[in-house]
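Chain by chain, the residues run as shown.
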Amino acid sequence: MKKIKTLSSIALLSAATLVLSACGNKAENTDDSKKASKFPSEMPKKEAKQGGTVKYAIETNSPFTGIFASELAFSKTDIDLASPGNEKLFDIDDDYRINNKGPAVLKIDKEKKTVTIIIKKGVKWSDGKQVTAKDLEFPYEILANKATKSQRYTSQLEYIKGMKAYHEGKAKTISGLEMPDGENGRTLTIHYTELKPGMYNSGNGYFTEGAEPYHYLKDVPFSKFESSDKIRKKPMFFGPYKLEKLVRGQSVTWIPNKYYWRGKPKLDKVVCQVVSTNSASQSIKSHKFDVANVINDQWKQVKDAKGTTFIANIPLAYRYIGFRVGKWDAKTGKNVMDPKSKMNNKALRQAIAYAMNIEDVNKKYNSGLTFQIPTLILAQYGDYFDKDVKGFSYNLKKANQILDKAGYKKKGKWRVQPNGKPLKITFLVQQGNDTQEPIYQNYLQQWHKIGLNINLYNGRLIEFNSYADKVQHDAPGIDMFTGGWSLTSISSEPSPAYLYSEGAPFNFARFVTPENTKLLNAIDSQKAFNHKYRVEQFHKWQKYMFDQAYVIPTTNEYTITAVNDKLTGYSVKPSDSNDLWFKVAYSK
């Protein structure tokens, strides 16, 4: 993979994050993207002092669910809240490639088809106990045991020997997970049926990048895992801070983990506090928070804030519109497509895409800081991104022609299905900030212009937690829906299999085709260890997905973060992500 492009010296689409994003004052029709592109990606490096409290804004319009286990977490909000304590096993570089500077060392043996993870001596849980091989192995049991109902178990994990048998209840242990020095050792060796080219990158989906404290959680039944106080109220981590206080749905307070392996954290406390998106700009201007993401449609209200440094990047994240064409079969662990689904006609999906005036919306509401993307593979992935796929540009004439040709004839105001039956389409949209409603009312108007009777689910935008539940569990009566992924929280390795394969729970459109399976398999095949071949397969998949339009990529954005001038160490560079909160401090 070519070097991922980063801005000269941004978080879920307003967040990705392989996590669903809870995102959403009219702004003038201007473009501030050039200014944002010149912002640094980190705070100036200054001499740090000990002490102080940092208040970190978590911008959402819903109470957080508080699922503080990486194997079960679904919302980027929960992941952000846990970040001061929940350190991953591996540090990465700015291309998301795993290195050995973090808590664990990674060794890949192509001949033996093994991945070995060695936790470093001195990496301890916040109760002082050394992280062990069993703690490295336990996440696989959590993911694969059906009683936990984890959304993060995918067919990619079944390349681990014995994983499928354990998942199906045919084995009591996972045979491919070996602890050569015993459960209390520090080494886990994972045996695969075959290795994959993406395994060198973070977020590849073929092994986990976290640990769970087995000694602390072993008495919790898997069926009670997600609701357990040990997950929801008193989680245990090995990162720089440990949880001191939780106000359900509102805030989490962190204090230093005195056993932290890198050294003593500088801050006395980190307070993560929920704030509504509509209050974000005022909280930045009034210095209520020391770190807060800027809501792009509020940029003009905060750009002159005093005592604030703005840092920015373009994250591995995107928004999309998906079309429901099937369902998830929990028994088989597979998506099952319904060929008779209302939305299972690519002409209809294409027409909907061409009728969206995305660029006009971005300029009007987001100062140009949000921009349209053409494919489901982001430009940051270098040559894996196919620049020849131009995406769906606004074209009502073309949309009408596609529908006419496909037999969607007009009868009065609305078009009917090719079989002559009425066509009513229900669209699920999550709540957001003040501009969310007018943006999607605009799109409804565009679709009405081409004769498509598309209306909001229950006639309104849906609260995020309710929306997420409906999307995850294939609630009836939904034909299309908005979505968004923060890929750094889900799968920063570019392979799309984690999100769009037959065995991916996150494939919320539930589309499954032989060609899609073929192309995804090729991307992650043994041949794909050859970079040129893998690039070719990525390009084929992007062209196929553009043509089929089961999922329409819509936007990404500059993520601008407002940071207190007195802080040092805060950064949005990928290479700083794993030890970020260890570095954050007040300057002398």
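Now for a description of the structure that goes with this document. (Residues numbered from 1 in each chain as written. Predicted model: local features only at pLDDT ≥ 70, side-chain atom pairs only at ≥ 80, totals over all residues. Heavy atoms only, no water.)

## Let's talk about the sheet that holds strand S26 (residues 585–587)
What holds strands together in a sheet is hydrogen bonding between their backbones, with the strands either parallel or antiparallel.
Turning to step 1, where the next piece is worked out: Across the sheet, which stays open at both edges, the 3 strands sit in the order S2-S26-S25 with antiparallel pairing between neighbours. With one partner strand each, in any of the chains shown, strand S2 (48–49) and strand S25 (567–568) form the two edges of the open sheet.
Turning to step 2, where the next piece is worked out: As judged from the 2 bridges shared by S25 and S26, these two strands associate in the antiparallel manner. What sits directly across from threonine 568, in S26, is alanine 585. (Pairing = 2+ DSSP bridges. Helix = DSSP H or I, 4+ residues; strand = E, 2+ residues; numbered from the N terminus.)

## A word on the pattern of salt bridges
Turning to step 1, where the next piece is worked out: The full count for this structure, using the stated rule, is 25 salt bridges.
Turning to step 2, where the next piece is worked out: One salt bridge in this structure joins lysine 134 and glutamate 137, with 2.9 Å as the shortest N-O distance. Residue lysine 134 and its partner glutamate 137 are both found in helix H3 (residues 133–144); the two are separated by 3 residues, about one turn of the helix. Side by side, lysine 134 and glutamate 137 carry an identical accessibility label, which is buried.
Turning to step 3, where the next piece is worked out: Several salt bridges share partner residues, and in doing so they unite Glu87, Asp91, Arg262, Asp576, Asp579 and Lys583 into one network. (Salt bridge = Lys/Arg side-chain N within 4 Å of Asp/Glu carboxyl O. Buried < 20%, exposed > 50% of the residue type's maximum accessible area, 1.4 Å probe, protein only.)

## Some thoughts on the sheet that holds strand S5 (residues 114–119)
Turning to step 1, where the next piece is worked out: Taking strand neighbours across the sheet as the criterion, the 4 strands line up as S4-S5-S7-S6 in an open arrangement whose pairing is antiparallel. With partners counted over all chains shown, the strands left at the sheet margins are strand S4 (104–109) and strand S6 (177–178), one partner each.
Turning to step 2, where the next piece is worked out: When S6 meets strand S7 (residues 187–191), the two strands line up antiparallel, connected through 2 bridges. When the bridges of S7 are listed, leucine 177 appears paired with isoleucine 190.
Turning to step 3, where the next piece is worked out: Running at roughly 35 degrees to S7, H3 makes contact with S5, S6 and S7 of the sheet. (Contact = heavy atoms within 4.5 Å. Axes fitted to C-alpha atoms, helices over the stretch in contact; angles between N-to-C directions.)

## Brief notes about the packing of helix H9 (residues 346–354) against helix H17 (residues 531–548)
Turning to step 1, where the next piece is worked out: Between H9 and H17, whose axes approach to 8 Å, the crossing angle comes to 90 degrees. By the angle between their axes, H9 is roughly perpendicular relative to H17. Across the interface between the two elements, Lys346, Arg349, Gln350 and Tyr354 of H9 pack against Phe546, Asp547 and Gln548 of H17.
Turning to step 2, where the next piece is worked out: Residue classes in the contact of H9 with H17 are distributed as 2 nonpolar, 2 polar and 3 charged. (Parallel < 35°, antiparallel > 145°, perpendicular 65-115°, else oblique. Nonpolar A, V, L, I, M, F, W, Y, C, P; charged D, E, K, R; others polar.)

## Some details on helix H11 (residues 396–405)
Turning to step 1, where the next piece is worked out: Looking only at H11, the buried set comprises Ala399, Ile402 and Leu403. The arc enclosing the buried residues of H11, seen along the axis, measures out at 95 degrees, which places them on a common side. Residues of H11 that are exposed and angled more than 90 degrees away from the buried face: Lys397 and Lys405. (Arc of directions from axis to C-beta.)

## Quick look at the side chain of threonine 482
Turning to step 1, where the next piece is worked out: Counting through the fold element by element, threonine 482 comes out in strand S21 (residues 480–486).
Turning to step 2, where the next piece is worked out: We classify threonine 482 as buried; its relative accessible area is 2%.
Turning to step 3, where the next piece is worked out: In terms of polar contacts, threonine 482 uses its side chain to reach the side chain of glutamine 430, at 2.3 Å.
Turning to step 4, where the next piece is worked out: With sequence-adjacent residues up to four places away left out, threonine 482 is seen in contact with Tyr320, Ile321, Phe427, Leu428, Val429, Gln430, Tyr440 and Tyr467. (Polar contact = N/O pair within 3.5 Å; in protein donor to acceptor, adjacent residues only side chain to side chain.)

## As for the environment of threonine 253
Turning to step 1, where the next piece is worked out: Considering the arrangement of structural elements, one finds threonine 253 in strand S9 (residues 251–256).
Turning to step 2, where the next piece is worked out: Classification of threonine 253 by relative accessible area gives buried; the value is 10%.
Turning to step 3, where the next piece is worked out: Distance from threonine 253 to phenylalanine 64, taken between C-alpha atoms, is 14 Å for residues 189 residues apart in sequence.
Turning to step 4, where the next piece is worked out: Those residues in contact with threonine 253, other than ones at most four positions away along the chain, are Lys242, Leu243, Glu244, Lys245, Lys269, Val270 and Val271.

## Describing the packing of aromatic side chains
Turning to step 1, where the next piece is worked out: Considering all chains together, one arrives at 35 aromatic pairs under this definition.
Turning to step 2, where the next piece is worked out: Ring geometry for phenylalanine 90 against phenylalanine 207: centres 6.2 Å apart, planes inclined by 80 degrees, an arrangement best described as edge-to-face. Taken together, the residues span a long stretch of sequence, with phenylalanine 90 in the loop between helix H2 (76–82) and S4 and phenylalanine 207 in the loop between S7 and helix H5 (214–217) at a distance of 117 residues. Across the pair, exposure class does not vary: phenylalanine 90 and phenylalanine 207 are buried alike.
Turning to step 3, where the next piece is worked out: Between tyrosine 570 and tryptophan 581 the ring centres are 6.0 Å apart and the planes differ by 70 degrees, which places this aromatic pair in the edge-to-face class. One end of the pair, tyrosine 570, is in the loop between S25 and helix H18 (580–583); the other, tryptophan 581, is in helix H18, with 11 residues separating them in the sequence.
Turning to step 4, where the next piece is worked out: You can call tyrosine 570 buried: its relative accessible area is 6%.
Turning to step 5, where the next piece is worked out: Above the plane of the ring of tyrosine 216 lies lysine 230, whose end atom (NZ or CZ) is 4.7 Å from the centre. (Phe/Tyr/Trp six-rings, centres within 6.5 Å; stacked < 30°, edge-to-face > 60°. Lys NZ or Arg CZ within 6 Å of the ring centre and 35° of its normal.)

## What about unusual backbone geometry?
Turning to step 1, where the next piece is worked out: Despite not being glycine, asparagine 458 shows a phi value in the positive range, around 60 degrees.
Turning to step 2, where the next piece is worked out: Along the chain, the position of asparagine 458 falls in the loop between strand S20 (453–456) and helix H13 (464–472).
Turning to step 3, where the next piece is worked out: The exposed category is assigned to asparagine 458, whose relative accessible area is 55%.
Turning to step 4, where the next piece is worked out: The backbone phi angle of aspartate 474 is positive, close to 50 degrees, even though this residue is not glycine.
Turning to step 5, where the next piece is worked out: With respect to the element layout, aspartate 474 can be found in the loop between H13 and S21.
Turning to step 6, where the next piece is worked out: Its relative accessible area of 17% is what places aspartate 474 among the buried residues.

## Some thoughts on the pairing of strand S3 (residues 53–59)
The two faces of the sheet receive side chains in turn, since in a regular strand these alternate between them.
Turning to step 1, where the next piece is worked out: With 5 of 7 residues buried, S3 is to be regarded as a mostly interior element.
Turning to step 2, where the next piece is worked out: Judged from the 7 bridges that link them, S3 and strand S10 (residues 269–275) form a sheet pairing that is parallel. Bridging from a neighbouring strand, tyrosine 56 pairs with cysteine 272 of S10.

## Considering the packing of helix H10 (residues 358–366) against helix H12 (residues 436–449)
Turning to step 1, where the next piece is worked out: Two numbers describe how H10 lies on H12: the axes approach to 11 Å, and their chain directions differ by 155 degrees. Looking at the two axes, H10 sits roughly antiparallel to H12. Handedness of the crossing formed by H10 with H12: right-handed. From H10, Ile358, Val361 and Tyr365 reach across to H12, where they touch Pro438, Ile439, Asn442 and Tyr443.
Turning to step 2, where the next piece is worked out: Here the residues of the contact of H10 with H12 sort into 6 nonpolar, 1 polar and no charged. (Left-handed = near helix turned anticlockwise from the far one by under 90°.)

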